[in-house]
Amino acid sequence: MAKEIKMPLPSAADLFSTQEERDNASRESVRDIPLEEISDFPNHPFKVKMDESMADMAKSVKQYGVLVPALVREKPEGGYEMIAGHRRKMASELAEKKEIPCIVRNLTDDEAVLIMVDSNLQREQILPSEKAFAYKMKLDAMKRQAGRPSKNSATVLPNFDGKTSRQILAEQVGESHEQIRKYIRLTELITPILDMVDDGKIAIRPAVELSYLPKEQQTALLDTMQLEDCTPSHAQAIKMRKFSEEGRLNEDVILSILSEEKGNQKEQFRMPKERISKYFSPGTPAKQMEDTIVKALELYRKRERSKDRER
């Protein structure tokens with residue numbers, strides 16, 4: 001009796017297609033995907049704003065379509081997740097398009113993070129908050145890929161000549177190791193204060209110091225800043241951090257610190273140099289001119305006081 005041998009039968013597609021056609025089908029290709037089937041990248045750190053640039057992009061998309069395909073990956077539950085192309089998607093929505101051309105790529109979570117961050121860091125204008133969360137996300141992904149815990153922000157990665165993950169990231173994005181650290185510290189700020197950093201109301205150096213305050217103290221600081229219509233200088237932020245670490249920072253102390261006069265708030269008096277240069281020898285330093293004028297004014301005040309006493 002002949003022994004039955006079971007062999008898998010080729011599919012109809014295999015029977016009636018060439019190897020080249022099968023290879024092409026397995027390669028990445030551009031597909032037109034309905035916008036409603038594409039969700040944003042989770043915790044996407046880059047803001048997609050309705051500004052003049054977006055209006056121009058929407059106008060271009062309406063006229064010419066999306067010229068550079070977006071990059072997406074399939075979600076296990078169905079649909080797609082945007083990796084690179086959030087602004088193109090919004091422009092397509094504004095242009096009343098139903099679909100957007102996309103490259104569908106099979107990516108792990110960490111691969112998706114790295115591509116998402118790198119593609120957005122090419123933009124000309126990036127807000128401090130965008131850099132902060134993007135650098136943090138990329139740094140964590142790099143360490144996970146190296147099999148290291150993500151909590152340590154200065155993990156030494158293998159095969160990189162003993163460099164830390166933050167040093168490698170700094171080289172990749174063209175920032176200093178210390179600047180990377182400062183940006184990542186900004187992720188510890190409450191959202192309203194981080195928005196003030198983005199708006200240029202608080203500089204990065206004082207913002208980094210404020211990031212060490214517990215969230216409730218940051219909220220108290222925010223309330224005081226809004227009531228007093230002011231923001232802390234770097235020196236004032238350092239002082240608040242010191243008081244906080246000593247357990248002595250409260251609303252009264254915050255108000256007291258913010259009420260201190262900042263160096264750049266001192267009123268400056270300026271006079272055109274040509275109005276006074278004729279009273280000094282050519283080449284006289286500005287500081288010497290200033291000292292001479294102050295002495296002359298002191299003598300003038302003494303003379304006026306003497307006149308008042310004689311009357």
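Basis of the calculations
Residues numbered from 1 in each chain as written. Predicted model: local features only at pLDDT ≥ 70, side-chain atom pairs only at ≥ 80, totals over all residues. Heavy atoms only, no water. Salt bridge = Lys/Arg side-chain N within 4 Å of Asp/Glu carboxyl O. Helix = DSSP H or I, 4+ residues; strand = E, 2+ residues; numbered from the N terminus. Buried < 20%, exposed > 50% of the residue type's maximum accessible area, 1.4 Å probe, protein only. pLDDT = per-residue confidence, 0-100. Contact = heavy atoms within 4.5 Å. Polar contact = N/O pair within 3.5 Å; in protein donor to acceptor, adjacent residues only side chain to side chain. Patch = residues over 30% accessible without salt bridge, like charges linked within 9 Å, V, L, I, M, F, W, Y side chains within 5 Å. Areas by Shrake-Rupley, 256 points an atom, 1.4 Å probe, with all protein chains shown as cover. Lys, Arg positive; Asp, Glu negative; His and termini not counted. Charge placed at Lys NZ, Arg CZ, Asp CG, Glu CD. Pairing = 2+ DSSP bridges. Axes fitted to C-alpha atoms, helices over the stretch in contact; angles between N-to-C directions. Phe/Tyr/Trp six-rings, centres within 6.5 Å; stacked < 30°, edge-to-face > 60°. Lys NZ or Arg CZ within 6 Å of the ring centre and 35° of its normal. Parallel < 35°, antiparallel > 145°, perpendicular 65-115°, else oblique. Nonpolar A, V, L, I, M, F, W, Y, C, P; charged D, E, K, R; others polar.

Next up on the list: the pattern of salt bridges. According to the stated counting rule, one finds 20 salt bridges in the structure shown. Between Arg181 and Glu178 there is a salt bridge, with the nearest N and O atoms lying 2.6 Å from each other. Of the two residues, Arg181 and Glu178 are both situated in helix α8 (residues 177–185); the distance of three residues between them amounts to about one turn of the helix. With relative accessibility at 24%, the residue Arg181 sits in the partly exposed group. Because the salt bridges share partners, they merge into one network encompassing Lys47, Asp195 and Asp198.

Even without being a glycine, Asn43 presents a positive backbone phi close to 55°. By the element assignment, Asn43 lies in the loop between β2 (38–39) and α3 (52–64). Residue classification places Asn43 among the exposed residues on the basis of a relative accessible area of 70%. In the Ramachandran plot, Asp229 falls in the positive-phi region, its phi being about 55° despite a non-glycine side chain. Tracing the backbone shows Asp229 in the loop between α11 (215–228) and α12 (234–245).

Turning next to the confidence of the model for the chain. Interpretation of this model should avoid reading the predicted coordinates in detail wherever pLDDT is low. Looking at the chain, pLDDT values average 84 and 81% of them are 70 or higher. Here residues 155–159 is a poorly scored stretch, pLDDT under 50, and it has 19 contacts once near neighbours within four places are set aside; other chains count.

A few words now on the side chain of Glu130. Secondary-structure assignment places Glu130 in helix α6 (residues 128–145). A residue is classified by how much of its surface remains accessible, and Glu130, at 2% relative accessible area, is buried. A distance of 2.8 Å separates a polar side-chain atom of Glu130 from the backbone nitrogen of Lys47. For Glu130, the side chain forms a polar contact with the side chain of Arg123, separated by 3.4 Å.

Moving on: a negative patch on the surface. A grouping of Asp32, Glu36, Glu37 and Glu99 is seen on the molecular surface, where their side chains present a negatively charged patch. Looking at the element boundaries, Asp32 is found in strand β1 (residues 30–34). Taking the relative accessible area as the measure of exposure, Asp32 reaches 53% and is therefore exposed.

If you trace the five strands from one edge of the open sheet to the other, you get β1-β5-β3-β4-β2, paired in mixed fashion. Two strands in the sheet have a free side with no partner beyond their single neighbour: β1 and β2. Of the pairings in the sheet, the one linking β2 to strand β4 (residues 80–84) comprises two bridges and is parallel in character. The partner of Ser39 across the bridge, within β4, is Glu81. Across the sheet, helix α4 (residues 86–94) lies against β2, β3 (70–74), β4 and β5 (99–104), angled at about 115° from β4, the strand it touches most.

The subject of this paragraph is the packing of aromatic side chains. Under the defined criterion, the tally for this structure stands at one aromatic pair. Geometry around Tyr212 places Arg185 over its ring, the cationic atom sitting 3.8 Å from the centre. Over the face of the ring belonging to Tyr212 we find Arg241, whose NZ or CZ atom lies 3.6 Å from the ring centre.

Before going further, it helps to examine the environment of Phe280. Turning to its location among the elements, Phe280 is positioned in the loop between α13 (251–258) and α14 (286–310). Separated by twelve residues in the primary sequence, Phe280 and Thr292 place their C-alpha atoms 9.6 Å from one another. Those residues in contact with Phe280, other than ones at most four positions away along the chain, are Met289, Thr292 and Ile293.

Close contact between α6 and α8 brings their axes to 8 Å; oriented N to C, the two are set at 105°. Classified by the angle between their axes, α6 and α8 sit roughly perpendicular to one another. The segment α6 lies against α8, with Pro128, Lys131, Ala132, Tyr135, Lys136 and Leu139 engaging Ile180, Tyr183 and Ile184. When its residues are assigned to classes, the contact of α6 with α8 shows seven nonpolar, no polar and two charged.

Moving on, we get to the pairing of β3. Counted residue by residue, β3 has four buried out of five residues, so it is predominantly covered. Alignment of β3 against β5, held across three bridges, turns out to be parallel. Within β5, the residue paired with Leu71 across the bridge is Ile103. Pairing analysis gives four bridges linking β3 to β4, with the strands arranged antiparallel. Paired with Arg73 across the bridge in β4 is Glu81.

Taken residue by residue, α4 has His86, Lys89, Ala91 and Ser92 as its buried positions. The inward-facing, buried residues of α4 contact β2, α3, β4 and β5. The positive-phi residue at the C-terminal boundary of α4 is Glu96, with phi of around 65°.

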